[in-house]
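Coordinate analysis (summary)
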Amino acid sequence: MIHEPISLTSHILKEDAFPPEATGEFSHIMMNLGIAGKMIARDLRHAGIIDVLGSTGETNIQGEEVQKLDERANEIFIKVFKANEIVKTMVSEEMEQPHVFSDAQRSGKYALYLDPLDGSSNIDVDAPLGSIFSLHRLSEESSGHQEQDLLKAGSEQVGGGYFLYGTSTVFVYTCGKGVHEFTLEPELGEFFLTTRNIQMPSRGKIYSVNEGNYQKWSRGMQQYIDDIKQTDSATHRPYGLRYTGCLVADVHRILLKGGVYLYPGEMNKPEGKLRLMYEAAPLSFVIEQAGGIGSTGVEPINSIQPKMLHQRVPLVIGSRENVEQVQECMRT
Ligand code: AHG
Ligand code: MN
Ligand code: MN
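The following refers to the structure shown. Just so it is clear, the model here is predicted, and its values are computed rather than measured.

Reading the values: the criteria
- Residues numbered from 1 in each chain as written.
- Chains lettered and ligands numbered in written order.
- Predicted model: local features only at pLDDT ≥ 70, side-chain atom pairs only at ≥ 80, totals over all residues.
- Heavy atoms only, no water.
- Salt bridge = Lys/Arg side-chain N within 4 Å of Asp/Glu carboxyl O.
- Helix = DSSP H or I, 4+ residues; strand = E, 2+ residues; numbered from the N terminus.
- Buried < 20%, exposed > 50% of the residue type's maximum accessible area, 1.4 Å probe, protein only.
- Donors = N, O, S within 2.8 Å, 3.2 Å for Na, K, Ca; no water.
- Core = buried A, V, L, I, M, F, W, Y, C linked by side-chain atoms within 4.5 Å.
- Contact = heavy atoms within 4.5 Å.
- Near = heavy atom within 4 Å.
- Polar contact = N/O pair within 3.5 Å; in protein donor to acceptor, adjacent residues only side chain to side chain.
- Areas by Shrake-Rupley, 256 points an atom, 1.4 Å probe, with all protein chains shown as cover.
- Nonpolar A, V, L, I, M, F, W, Y, C, P; charged D, E, K, R; others polar.
- Domains from an automatic or database assignment.

A look at the pattern of salt bridges
If you walk through the whole model with that rule in mind, you get eleven salt bridges. For R203, the salt bridge is made with E321, and the minimal N-O distance between the two is 2.9 Å. Here E321 lies in helix α8 (residues 320-331) and R203 lies in the loop between β10 (190-195) and β11 (206-208), a separation of 118 residues in the sequence. E321 sits in the partly exposed class, given a relative accessible area of 27%. Its salt-bridge partner being E328, residue R331 comes within 3.3 Å of it at the nearest N-O pair. One end of the pair, R331, and the other, E328, are both in helix α8, three residues apart, so they sit about a helical turn from each other. Within this structure, R42, D43 and R72 form a network of salt bridges that share partners.

Digging into the coordination of the manganese ion (ligand 3)
Those protein atoms acting as donors to the manganese ion (ligand 3) are E93 (OE), D115 (OD) and L117 (O), and they sit at 2.1 to 2.2 Å. Considered as a linear motif, the donors of the manganese ion (ligand 3) on their single chain read E-x21-D-x1-L. If you look at the manganese ion (ligand 3) and the manganese ion (ligand 2), they sit 3.8 Å from each other and are both ligated by D115. Of this pair, E93 sits in the loop between β3 (87-92) and β4 (99-100) while D115 sits in strand β5 (residues 110-118), and the two are 22 residues apart along the sequence. One exposure class covers both E93 and D115, and it is buried.

Things to note about the nonpolar core
Core analysis: the biggest nonpolar cluster contains 43 residues, and L33, F81, L117, F171 and Y173 have the highest contact counts within it. Here F81 is in contact with I29, N32, L33, I86, V87, F101 and L112, once residues within four sequence places are set aside. In terms of nonpolar packing, the next biggest core, distinct from the first, is built from 40 residues, V91, L151, I206 and I317 among them.

So, the site of ligand 1
Residues in close proximity to ligand 1 total 18 residues, the closest being D118, N210, Y243, Y261 and Y263. In this structure, E93 approaches ligand 1 through a side-chain N or O atom, which is 3.1 Å from an oxygen atom. K273 has a polar side-chain atom sitting 2.8 Å from an oxygen atom of ligand 1. Here ligand 1 has 470 Å² of accessible area as a free molecule, and 84% of this is covered by the chains. Broken down by secondary-structure element, the contributors of at least two residues to the shell around ligand 1 are β5 and β13 (260-263). Among the residues making up the shell around ligand 1, the classes are represented as seven nonpolar, four polar and seven charged. Two domains each provide a minimum of three residues to the shell around ligand 1, namely domain 1 (8-195) and domain 2 (206-331).

The quantities given are spatial measurements derived from coordinates; they are silent on function.
The following block contains the structure:
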């Protein structure tokens, strides 16, 4: 029995309705994201049975191997928003150029940024996956084609969040008025509100990082990791390490339990691995709305003015006190 059956649709209509002059487009986008998430979750459940596992044989704009399900998830978002004509442009990890919906209403004023499937190396082994979205408002004059119009700082986001396809499918989003979590009831085919206004612990004892890269990090980063592995019961050390290889799953754990996720820059790759506009920025928006911090280790993620759509950035994200401590180590 669902304790308090508030559906995603009714929540959005009730809580996130913009002032009376609002066109309803924002709510409409959020509901359609919910539909895309359900379609992807269904595909993932059947992934081993229908022929969608493995690679397409292509590489994406990031130079990474494209999995069949990466492409399928991208197509789902395109289909859903093509049918609904409310988003002008879609920027995706899987497409070098923005996809402009030519038949979209001329008034359509939003740009949607997506990592359609996050953690794709988990596909073939039934481990968790995610989808990440960020939403920006475009200026009235923008055709949606010009890269310059789409290079928006994270602080300008009007919405951001993710789907986590784990033991349940959850949808977590913020539009700047708190962070809410919804869980998919698969038989009813509807997301229901499971946690309203998530506030994360100000400190946690979990760290999440690909520690195999230790030798490639700066001394400051190495020192931080060495420090949290010391034994000291007063400061709950050593911290516990958890790493799934799916950014969404790892950050979701940090959101609920506290701690820090790190994907630092490396000596020969200071820009790190993760993408600013559709990975780091929306997750930082969520984490900051929950009382945490999203940082490069040096500056806030969401104060960065992007220079490229597919720009990479180092990411240190999580509980306020943990991230502050990493920043301290990076400074010294
Ligand atoms: P994607 O599947 O969208 O390319 O993202 C993979 C990302 C992220 O999900 C994860 O945290 C990170 O890559 C893992 O990288 P490593 O394998 O280098 O640890
Ligand atoms: Mn990703
Ligand atoms: Mn991806």
